[in-house]
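# Architecture and fold: a report
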Amino acid sequence: MNYFKSVLLMVLAITLSSCANKKENPSSEAFKKPNVIIVITDDQGYGDIGAHGNKVIKTPNIDALHNESYRFTDFHVGPTCAPTRSGLMTGRYANEVGVWHTVGGWSLLREQEKTMADMFTEAGYATGGFGKWHLGDNYPFRPEDRGFQETVMHGGGGVDQTPDYWGNTYFDDTYFHNGKPQKYEGYCTDVFFREATRFIGENKDKPFFCYIATNAPHGPYHVPLNYYNIYKDLGDDVLKENQKRFYGMITNVDDNLGKLRSTLKELNIADNTILIFMTDNGTTGYYNKKGVETGFNAGMRGTKGSEYEGGHRVPFFIYWKDGNISKGTDINELSANLDVMPTLAELCRIDLPKDHLDLAGQSLVPFIEDPSKTDNRMLITDSQRIQVPEKWRKSSVMQNKWRLVNGKELYNIETDKSQKHDIAAEHPEKVEEMKAFYENWWKRVSVQFDEEIYFKIGTAEENPITLTCHDVHADNGNQPWNQRYIRSGAKGKGYWSIDIKEEGDYEVSLRRYPIEADVLINGTVPPITKEEKPGLQNDYVEGVNLNYTKASIKIGDNVSESVAVSNDDKSANFNVHLTKGKTQMNASFFNAKGEENIAYYVYIKKK
């Protein structure tokens, strides 16, 4: 009898111990880390999706994902590109990580920030990024320096921008594969999805994080003709010419999303893959001229760049069949790009990145587990886009359905979706409560406003380094930020903030065109026409000869030199001795009249 009692007690003890261990430490057999794919498009707004009520646009695959996903219906981002991406990658406010602009030296993610790619790499995931980064094109700001193990990216904030490979037009371009230029065939969106699909196939047997950030439908609105033709016969009262191209670009994204999902099924990994679809800011495809609307903005006020709802409320769909996130469900509580990293950390049961700074976002898992859960948090978005941020500039403080705009106007979007009726005078206590939150937020995000972000000169990781006028510090309008401006000879001015990492002898080369163009300073580049590439929105004009006669550089207080420019020169070269430390650099060309213009491209090599 005692023998059987002892055996029974032993079995019971083992069972209880096993249950306790399973509860506290889920085994690898009980939980298999999911793959993660984020698809984020560029300048596609909340209303640019059929499932959101747009009667014109063709998005059957996005609509299908919408119908199967948990949808965060009150999801917010920055009103422009780079700020949104910085918040998404770090879980922190754009202003506190140094990214409150898209050009001008303020689209570089501060070095101390840790990214979502860092988090997944540390957790043993394969990480790949495809398309648009827009958080820096130089070491240590590049995606391959910030946790991504494989990348295929264009430069700058879009294909054909100044830091991008010369001559890119969305068709048959050269992108940067792990930082090295490589030629690709096909339309840009097709290429980025194709390369992402290749990465997924190569890593299907291990957990992976795949970030697909299309530059479409950002302008210029270059699009394959078969997608433009879907909309071309619509009247101008339905869509203007640019909108037809814009919609065609989105339908192309939609087709690629459908192909991606089919591939996941073929690889038998669809069920254990978290798939997120979102966009980076409000639409650029909605026009309202004197009350005449074309396009669709879901009844919201404002578009890209706006502090009003249409500038920053975007779609956010999340699907994961094995995680029971696969039944169309609306979650209506306030949420933001800041929340994505902590949410994925909790869903994937991995740690946040080592040495990460204080997150502003929160995990959305409690709302996924209980979609009826409510919250009373406040969030802020703003659009600075100047050299030094200004308090209250183009800002929206959000709580539930309250919106305090620019510190003055108060709206309740539950009853006033289009933000037409300012009710600040009727709710002074709510205004003061939201202003108090903003004041505390400003103290948090403004700590490093006076600390510029420096390009590293003379490093083993990037020597020579290429600097472009896209990133000079200057007032708006002084950065010729795309190649169309470069071709036309647009005026620019400003300085680069540089950090010379090692004292020594350097060669500084100034160019009118980038080195890959292989063109004389006073030469021209041929046009690129719609006859050559039928999907172009507009021709690229022939490069203008600016007839430069002199070049100059100024680096700190110790280097100030000029050289003559001849018609046989491809670059103006300076051999200088630089001392270690942080300083400013100016680089300019001059014509015979003494008129100054910024050097569009500067190459600095440590000898």
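Thresholds applied
- Residues numbered from 1 in each chain as written.
- Predicted model: local features only at pLDDT ≥ 70, side-chain atom pairs only at ≥ 80, totals over all residues.
- Heavy atoms only, no water.
- Pairing = 2+ DSSP bridges.
- Helix = DSSP H or I, 4+ residues; strand = E, 2+ residues; numbered from the N terminus.
- Axes fitted to C-alpha atoms, helices over the stretch in contact; angles between N-to-C directions.
- Buried < 20%, exposed > 50% of the residue type's maximum accessible area, 1.4 Å probe, protein only.
- Contact = heavy atoms within 4.5 Å.
- Core = buried A, V, L, I, M, F, W, Y, C linked by side-chain atoms within 4.5 Å.
- Polar contact = N/O pair within 3.5 Å; in protein donor to acceptor, adjacent residues only side chain to side chain.

It is worth spelling out the sheet that holds strand E19 (residues 465-468) at this point. In sheet architecture, strand pairing relies on hydrogen bonds along the backbone and comes in two forms, parallel and antiparallel. Taken together, four strands build an open sheet; the order of strands is E19-E27-E21-E24 and the sheet is antiparallel. Each edge of the sheet is formed by a strand with only one pairing partner; in this case those strands are E19 and strand E24 (572-578). Adjacent strand axes in the sheet meet at a mean angle of 25 degrees, parallel and antiparallel pairs treated alike. Where strand E21 (residues 504-511) meets E24, seven bridges bridge the pair, whose relative direction is antiparallel. Residue pairing across strands places Glu-507 opposite Asn-575, the latter belonging to E24.

Our focus in this paragraph is the side chain of Asn-252. The residue Asn-252 is located in helix H7 (residues 241-266) in this model. Residue class for Asn-252 comes out buried when judged on its relative accessible area of 0%. Aside from chain neighbours lying at most four places away, what touches Asn-252 is Tyr-187, Thr-189, Asp-190 and Tyr-227.

This paragraph deals with the nonpolar core. Judged by nonpolar contacts, the single largest core of 68 residues is most densely connected at Trp-496, Leu-510 and Val-602. If you tally residues by element for this core, the top one is helix H10 (residues 428-445), at six residues. Ile-37, Val-152, Leu-239 and Ile-269 belong to the second largest nonpolar core, which has 49 residues in total.

Bringing the side chain of Asn-482 into the picture now. Considering the arrangement of structural elements, one finds Asn-482 in the loop between E19 and helix H11 (483-488). In this structure the side chain of Asn-482 is engaged in a polar contact, spanning 2.9 Å, whose partner is the backbone nitrogen of Tyr-485. Excluding its chain neighbours within four sequence positions, the residues that come into contact with Asn-482 are Asp-160, Gln-161 and Thr-162.

Right, let's get into unusual backbone geometry. For the bond running from Gly-219 to Pro-220, omega is 0 degrees, close enough to zero to count as cis. Looking at where Pro-220 falls in the secondary structure, it is placed in the loop between strand E7 (208-213) and helix H6 (225-228). Of the consecutive residues Asn-463 and Pro-464, the connecting peptide bond is found in the cis state with omega at 10 degrees. Structurally, Pro-464 can be placed in the loop between strand E18 (455-457) and E19. A positive phi angle, close to 80 degrees, is found at Asp-160, a residue other than glycine. One non-glycine residue, Ala-298, lies in positive phi territory at about 55 degrees. With respect to the secondary-structure elements, Ala-298 resides in the loop between strand E10 (292-294) and strand E11 (313-314).

The strand order across the open sheet built from four strands is E14-E15-E16-E17, with neighbouring strands paired in antiparallel fashion. The sheet is open, and its two borders are formed by strand E14 (378-382) and strand E17 (409-412), each paired with just one other strand. Across the sheet, the mean angle from the axis of one strand to that of its neighbour is 20 degrees, orientation sign disregarded. Where strand E15 (residues 395-399) and strand E16 (residues 402-405) come together, four bridges link them in antiparallel fashion. For Val-397, the partnering residue across the bridge sits in E16 and is Leu-404.

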